[in-house]
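Results of the structural survey
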Amino acid sequence: MPHTRSIALGSALAATLVLSGCGADVASDADAEGSKTTTVKRCGEDVAYKVPQRAVAYEGGSADKLFSLGLTEHVHGYVMPPANPPVSESPWASEYAKVKMLGDDLLNKELVVQAKSDFVVAGWNSGFSDQRGITPKILDKLGIQSFLHTESCFNYPGFPQKVTPFDALYSDLERLGKIFRVEKRADRVVGDLKKRVAAVAAKAPKGGSPVPVFLYDSGTDKPFTAGSQVPPNDIIKTAGGRNVFDGLDERWTQVSWESVTKAAPEVVIIFDYGDKPAKEKIEFLKNSPHTKELPAVKKNNFFVLDYNEGISGPRDIDGLEKFGKYLRGLKG
């Protein structure tokens, strides 16, 4: 869940990508070069990769990136914690059905070893964690390759990398394309995503001040929200709004209710995930003395953002398109 990360841490295009993503290209490239290595960045670190054959993905964003590149034959299975909505709701539901569900809790080393995985995709302080004893360095020693979401490299020890969230998404797809030797397909996928982003940006409201937007993840004593280093910040900005906490050089982070009140958001994005339903969050905001007088709450300006449209993955662009349409439809 984003708020735990901060502390301790279906579009038509998607369907088209699945249908066009036959494994033929992957197999031919891998057969030719599978025994060789290619050097790709893992956050800020150069790592030599062989073509993985038994990948394990943690959360929807990781699996979606692999499936969008037509790599289903190289995916052994996935791990989905309680926050993640059902995979049946994914544009790649048919691909999830072809691989194994390995767990419904947090990622751990034992699970990866038992699965005989040769490649693990996850984020830093979400899937990978010093506290839980599963890090890229630990997996390196076990001979298991790993890949970190670039968006999460912001505070990766030793090899940090700071990239705006949408650029981080594009970078991941391009890097995975190199690892699996499907660069041309990655270029096509990234190109399509960029076109969709540009289309939303072109329609964004022009002139005047951008609409102030507050993302509510969770929390009653203090709210968790999105700083500048996570996808919702780019979603809000590209659609023509302004994340009221875009000045925080953080990922998912905790703020005060006083700062929310001072920001006077005109729109609240509710981050919706499995164990924290959006309906409950909206009711809380409508009744809390901290938030019931906010302009967004009084106007009932709530937008629900699906979990997998807010963590790093291709569905970010689905979320952008939906939020862009919502903003354009706002009345005064």
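In case you missed it, the structure is sitting above this.
Computed from a predicted model, the values in this text were never measured in an experiment.

1. Description of the sheet that holds strand β4 (residues 75-79)
With parallel pairing, five strands are arranged side by side in an open sheet as β5-β4-β3-β6-β7. With one partner strand each, in any of the chains shown, β5 (100-103) and β7 (145-148) form the two edges of the open sheet. For this sheet, the mean angle separating the axes of adjacent strands, direction not counted, is 25°. Contacts between helix α4 (residues 59-68) and the sheet are confined to β3 (55-58), β4 and β6 (119-122), with β3 contributing the most and set at about 135° to the helix. Sheet strands touched by helix α8 (residues 165-179): β6 and β7. Its angle to β7, the strand with the most contacts, is close to 160°.

2. As for α4
The buried count for α4 comes to 10 of 10 residues, which makes it a mostly enclosed element. Residues of α4 that are buried: E59, G60, G61, S62, A63, D64, K65, L66, F67 and S68. Note on α4: the residue one or two positions beyond its end, G70, has a positive phi of about 75°.

3. Concerning the packing of aromatic side chains
This model, assessed by the stated rule, comprises 17 aromatic pairs. Between F271 and Y273 the ring centres are 5.7 Å apart and the planes differ by 75°, which places this aromatic pair in the edge-to-face class. The burial state of F271 is the same as that of Y273; both residues are buried. Taken together, the aromatic side chains of F214, Y216, F245, W257 and F284 make up a single cluster linked through ring pairs.

4. Notes on the sheet that holds strand β13 (residues 302-306)
With parallel pairing, the four strands of this open sheet are ordered in space as β10-β8-β12-β13. Each end of this open sheet is capped by a strand with a single partner; those strands are β10 (241-243) and β13. Within the sheet, the average angular offset between the axes of one strand and its neighbour, ignoring direction, is 35°. Across five bridges, strand β12 (residues 267-272) lies against β13 in parallel orientation. Residue F271 lies in a different strand from β13, and its bridge partner there is L305. Packed onto the sheet, helix α12 (residues 278-287) meets β8 (211-216), β12 and β13 and runs at close to 145° relative to β12. The sheet contacts of helix α14 (residues 316-328) involve β8, β10, β12 and β13, and relative to β13 the element is tilted by about 170°.

5. Some remarks on the side chain of S312
The topology assignment puts S312 in the loop between β13 and α14. For S312, a relative accessible area of 4% corresponds to the buried category. At 2.9 Å, the side chain of S312 and the side chain of K65 are in polar contact. When residues no more than four places from it in sequence are discounted, the contact partners of S312 are G61, K65, H149, E151, L169, D172 and P231.

The rules behind the values
- Residues numbered from 1 in each chain as written.
- Predicted model: local features only at pLDDT ≥ 70, side-chain atom pairs only at ≥ 80, totals over all residues.
- Heavy atoms only, no water.
- Pairing = 2+ DSSP bridges.
- Helix = DSSP H or I, 4+ residues; strand = E, 2+ residues; numbered from the N terminus.
- Axes fitted to C-alpha atoms, helices over the stretch in contact; angles between N-to-C directions.
- Contact = heavy atoms within 4.5 Å.
- Buried < 20%, exposed > 50% of the residue type's maximum accessible area, 1.4 Å probe, protein only.
- Phe/Tyr/Trp six-rings, centres within 6.5 Å; stacked < 30°, edge-to-face > 60°.
- Polar contact = N/O pair within 3.5 Å; in protein donor to acceptor, adjacent residues only side chain to side chain.

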